[in-house]
Amino acid sequence: MFDIAIVGAGPAGASAALFAAKAGKKVLVIDNDQSITKRAWVENHYGVDQISGPDLIEVGKKQAVKFGAEIVQGKVSGIERGEGGFSLQTEQSSYEAKYVILATGLFADLAEAIGLETVPGTEPRIKTIIKADSAGKTSIPGIWAAGTCAGVSVHTIITSGDGAKVAINILSEINGERYVDHDMIKS
């Protein structure tokens, strides 16, 4: 069983995976390769001069894998509460996780299919978002939402930060105390 399963490997999902895996958690990312960032050209992301969206996604996935996250290709068709967590179904497989982060970008159809509360979107062309509190918690305990699907701006810098925030909030809940990850320059 995975500690955290993340649906989506765009900036929010990969950032959440990076933080959770770096914290030593067993992390699975299920990616359907449909991120809007695949069509982006990015010159407004802090720390990056310029990068194509596909390259930004690949860098994020590599960072998460570097710390132990597992990434699989697939489309999650259902999520059910199981013993001690959740079961996520794809066409090819089924995966078990204690926590789930939905980082599905423009798409809220999975959230609606599993009974999560949704609300109208506020970003241009985003019709529906997952209702989540400021920490990222949804109407189903144990399922969290991050990034555009949770109502934050479509800008990659904002969605990646939101993914990190949600991962930190889950890690804090798991650990029973506020989790902080600060690396120091190695001398």
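Further up the page is the structure itself.
An account of the accompanying structure is given in this report.

Cut-offs and rules
- Residues numbered from 1 in each chain as written.
- Predicted model: local features only at pLDDT ≥ 70, side-chain atom pairs only at ≥ 80, totals over all residues.
- Heavy atoms only, no water.
- Helix = DSSP H or I, 4+ residues; strand = E, 2+ residues; numbered from the N terminus.
- Rg over C-alpha atoms; globule rule 2.2 N^0.38 Å.
- Buried < 20%, exposed > 50% of the residue type's maximum accessible area, 1.4 Å probe, protein only.
- Contact = heavy atoms within 4.5 Å.
- Areas by Shrake-Rupley, 256 points an atom, 1.4 Å probe, with all protein chains shown as cover.
- Phe/Tyr/Trp six-rings, centres within 6.5 Å; stacked < 30°, edge-to-face > 60°.
- Lys NZ or Arg CZ within 6 Å of the ring centre and 35° of its normal.
- Salt bridge = Lys/Arg side-chain N within 4 Å of Asp/Glu carboxyl O.
- 1 Å grid on protein atoms, 1.4 Å probe; cavity = no way out; pocket = protein on both sides within 12 Å on 5 of 7 lines; lining within 4 Å.
- Points joined across faces, edges and corners; volume = space filled by probe spheres on them.
- Nonpolar A, V, L, I, M, F, W, Y, C, P; charged D, E, K, R; others polar.
- Pairing = 2+ DSSP bridges.
- Expected span 1.5 Å × (residues − 1).

Describing the overall build of the chain
In terms of regular secondary structure, the chain is built from four helices and 11 strands. Against the 2.2 N^0.38 benchmark of 16 Å for 187 residues, the chain shows a C-alpha radius of gyration of 15 Å, consistent with a compact globule. Dimensions of the chain, computed from C-alpha atoms along their principal axes, come out at roughly 45 × 40 × 35 Å. For the chain, the proportion of its 187 residues judged to be buried stands at 49%. Considering only residue pairs separated by 6 or more positions, the chain has 54% of its internal contacts joining residues 24 or more positions apart. Per element, the accessible surface of the chain, about 9700 Å² overall, is 51% carbon and sulfur.

Points about the side chain of Lys-61
Its location among the elements puts Lys-61 in helix α2 (residues 53-66). Under the relative-accessibility criterion, Lys-61 is labelled buried at 12%. Excluding anything up to four places from it in sequence, Lys-61 contacts Ala-9, Ala-14, Asp-31, Ile-71 and Gln-73.

Focus on the packing of aromatic side chains
Overall, the coordinates contain zero aromatic pairs when judged by the stated rule. In this arrangement the basic side chain of Lys-22 is found over the ring face of Phe-67, its NZ or CZ atom lying 5.7 Å from the centre. Lying over the aromatic face of Phe-2, Lys-26 brings its terminal NZ or CZ to 5.0 Å of the ring centre.

Details of the pattern of salt bridges
Evaluation of the coordinates by the stated rule reveals nine salt bridges. Notably, a salt bridge pairs Lys-22 with Asp-183, separated by 2.7 Å at the nearest N-O pair. Separated by 161 residues along the polypeptide, Lys-22 in helix α1 (residues 11-22) and Asp-183 in the segment after α4 (156-175) bring together distant segments of the chain. Since its relative accessible area comes to 55%, Asp-183 is described here as exposed. Where Lys-131 meets Glu-117, a salt bridge forms, and the shortest distance between an N and an O atom there is 3.3 Å.

Topic: the layout of surface pockets
There is about 450 Å³ of room inside the largest pocket. Together, 30 residues line the largest pocket, and Asn-32, Ala-103, Thr-104, Gly-105 and Phe-107 are the ones closest to its centre. Looking at the lining of the largest pocket, the elements with two or more residues in it are α1, β2 (27-31), β6 (76-82) and α3 (109-113). Broken down by element, the lining of the largest pocket gets its largest block of residues, three residues, from α1. Split by residue class, the lining of the largest pocket holds 13 nonpolar, 14 polar and three charged.

Things to note about the pairing of strand β8 (residues 94-102)
Where strand β1 (residues 2-7) meets β8, five bridges bridge the pair, whose relative direction is parallel. Across the sheet, residue Ile-6 finds its bridge partner in β8, namely Ile-101. Sheet topology note: the strand β7 (residues 85-90)/β8 ladder contains four bridges and is antiparallel. Bridge pairing in β8 links Ser-87 to Glu-96.

Some details on α4
Between its first and last C-alpha, α4 extends 28 Å over 20 residues, near the 28 Å set by a 1.5 Å rise per residue. Positioned one or two residues after α4, Gly-176 has a phi angle of 75°, which is positive.

So yeah, pure geometry; function would need other evidence.
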